[in-house]
Amino acid sequence: MKNILIIGSTGQLGSELTMLLRARYGSRNVVAGYIKGAEPTGELLESGPAEHVDITDAMQIAEAVKKYRIDTVYNMAALLSATAESKPQLAWHIGLGGLFNLLEVAREQHCAVFTPSSIGAFGDYTPKDRTPQDTVQRPQTMYGVTKVAGELLGDYYFKRFGVDTRSVRYPGLISHVAPPGGGTTDYAVEIYHSAAEGRVFKCPLLAGTFMDMMYMPDALSAAINLMEANPDSLVHRNSFNVTAMSVDPEALRKSILEYIPDFKMEYCVDPVRQAIADSWPNSLDDSCAKEEWGWLPEYGLQLTTQSMLRELESKMNQ
Ligand code: SER
């Protein structure tokens, strides 16, 4: 990777990934792609090049790739699961139409492509516990449909055209920087904000709803380490199971109580999010990622809680 484009650089993942890649590969070599209405600001804008790149516009991608001699694209544009359920046509247009545009540019201009998949690529018929790398994938959400189809399209472009496509199936991502939006796992971010601000947290999912989660530093190293991995060691490509912890709302509540003893949580279940969460795995088996490219998360639940509360409190005191 010498010249990198991040599509969706102002989102939850993209904003932190862009800064980390700039620190690693040099600020001038990492282009922040953005869409109208989500322009970069502050450090993200000032620290390196930025370009209007809407993934639904193939010409814009092609021009940016040519202009900056891009060899690697991180595709962080997507609607998260609950939003995708309310706008399924747009979710398809961005998630799959956009990916197709990008893969065509990558084929023509010889770029490697990282595209996140998700625990949402699994469905009701998938084994729920320690979900294997290779198993049944029959999601019933539009988010999941775009993720499975995206995985298949990525593998197709690799086998048919030799495009270096790679992907991980992200679990819920927890971060104190940019907020997520419209995801089923977002409650695991919001709970920390409520706790740090002394508010009662209204939990949209039932106790006992287990899903995999990951703290942002691990999510970023998953993307970068996979893209830096020796291709000869990759048996799989699109997409690797990765996880750092499997938690339910009660596990998060108890973990916060250790630091904020008067933290309060009430259940106020959102049926749309609950149905989506029920269709996803309780926990993933990520042994293929460990074996093939050395995946090793650093943050379990306790370290995540410690770091999230410390960061949110210090932001409030600024
Ligand atoms: N965080 C995503 C969501 O909840 C799952 O990958 O939609």
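Heads up: these notes are all about the structure in this document. (Residues numbered from 1 in each chain as written. Predicted model: local features only at pLDDT ≥ 70, side-chain atom pairs only at ≥ 80, totals over all residues. Heavy atoms only, no water.)

Attention now moves to the packing of aromatic side chains. Summed over the entire model, instances satisfying the criterion amount to 10 aromatic pairs. With a centroid separation of 6.5 Å and an interplanar angle of 85°, the aromatic rings of F100 and Y157 are classed as edge-to-face. Here F100 is found in helix α5 (residues 88–109), whereas its partner Y157 is found in helix α6 (residues 142–161), with 57 residues between them in sequence. A relative accessible area of 3% places Y157 in the buried class. Judged by centre distance (6.1 Å) and plane angle (85°), the ring pair of Y156 and F161 falls under edge-to-face. (Phe/Tyr/Trp six-rings, centres within 6.5 Å; stacked < 30°, edge-to-face > 60°. Helix = DSSP H or I, 4+ residues; strand = E, 2+ residues; numbered from the N terminus. Buried < 20%, exposed > 50% of the residue type's maximum accessible area, 1.4 Å probe, protein only.)

Taken together, L80, S81, S118, Y143, Y170, G183, T184, T185 and W280 make up all the residues around the ligand. Contact between the ligand and T184: an oxygen atom at 2.7 Å from a main-chain N or O atom of the residue. A per-class count over the shell around the ligand returns four nonpolar, five polar and no charged. (Near = heavy atom within 4 Å. Polar contact = N/O pair within 3.5 Å; in protein donor to acceptor, adjacent residues only side chain to side chain. Nonpolar A, V, L, I, M, F, W, Y, C, P; charged D, E, K, R; others polar.)

Our focus in this paragraph is the state of the cysteines. All told, the structure shown has zero disulfides when counted by the stated rule. C203 forms no disulfide, and the closest cysteine sulfur to it belongs to C268, at a distance of 9.3 Å. (Disulfide = S-S within 2.5 Å.)

With that settled, the discussion passes to the environment of A219. Structurally, the position occupied by A219 is in helix α8 (residues 216–228). Residues A219 and G172 lie 47 residues apart in sequence; the distance between their C-alpha atoms is 9.7 Å. Here A219 is in contact with L13, Y170, L173 and M214, once residues within four sequence places are set aside. (Contact = heavy atoms within 4.5 Å.)

Counting 57 residues, the largest nonpolar core has L5, I7, Y187 and Y192 as the members making the most contacts within it. At eight residues, the largest contribution of residues to this core is made by α5. Beyond its immediate sequence surroundings of up to four residues, L5 is in contact with V31, G33, V53, A64, V65, I70, T72, V73 and Y74. Counting 31 residues, the second-largest nonpolar core is a separate cluster that includes I4, V30, V168 and I224. (Core = buried A, V, L, I, M, F, W, Y, C linked by side-chain atoms within 4.5 Å.)

Examined against the element boundaries, N238 turns out to sit in the loop between α8 and β12 (240–241). Under the relative-accessibility criterion, N238 is labelled buried at 9%. Of the polar contacts made by the side chain of N238, one reaches the side chain of D155; its length is 2.9 Å. Separated by 3.0 Å, the side chains of N238 and T165 make a polar contact. Among residues more than four places away in sequence, those in contact with N238 are E151, G154, D155, T165, R166 and S167.

Now for a nonpolar patch on the surface. The grouping of L206, Y267 and V269 at the surface amounts to a nonpolar patch, some 240 Å² of accessible area in total. Examined against the element boundaries, V269 turns out to sit in the loop between β14 (265–267) and α10 (271–279). (Patch = residues over 30% accessible without salt bridge, like charges linked within 9 Å, V, L, I, M, F, W, Y side chains within 5 Å. Areas by Shrake-Rupley, 256 points an atom, 1.4 Å probe, with all protein chains shown as cover. Salt bridge = Lys/Arg side-chain N within 4 Å of Asp/Glu carboxyl O.)

In spatial order, the strands read β9-β11-β13; together these three strands make up an open sheet with mixed pairing. Since the sheet does not close on itself, it has two edges, and those belong to β9 (172–174) and β13 (245–247), each with one partner. Going across the sheet, the axis of each strand differs from the next one's by a mean of 45°, ignoring polarity. Sheet analysis places strand β11 (residues 211–215) next to β13, joined by three bridges and oriented antiparallel. Bridged to D212 within β13 is S246. Across the face of the sheet, α8 comes into contact with β9 and β11 while running at roughly 85° to β11. (Pairing = 2+ DSSP bridges. Axes fitted to C-alpha atoms, helices over the stretch in contact; angles between N-to-C directions.)

Following both chains from N to C, one finds helix α3 (residues 58–67) and α5 inclined at 35°, their axes separated by 9 Å at the closest point. Relative to α5, α3 is oriented so that their crossing is right-handed. Only N101, L102, V105 and Q109 of α5 make contact with α3, whose side of the interface consists of A58, I61, A62, V65 and K66. Here the contact of α3 with α5 is built from residues that sort into six nonpolar, two polar and one charged. (Left-handed = near helix turned anticlockwise from the far one by under 90°.)

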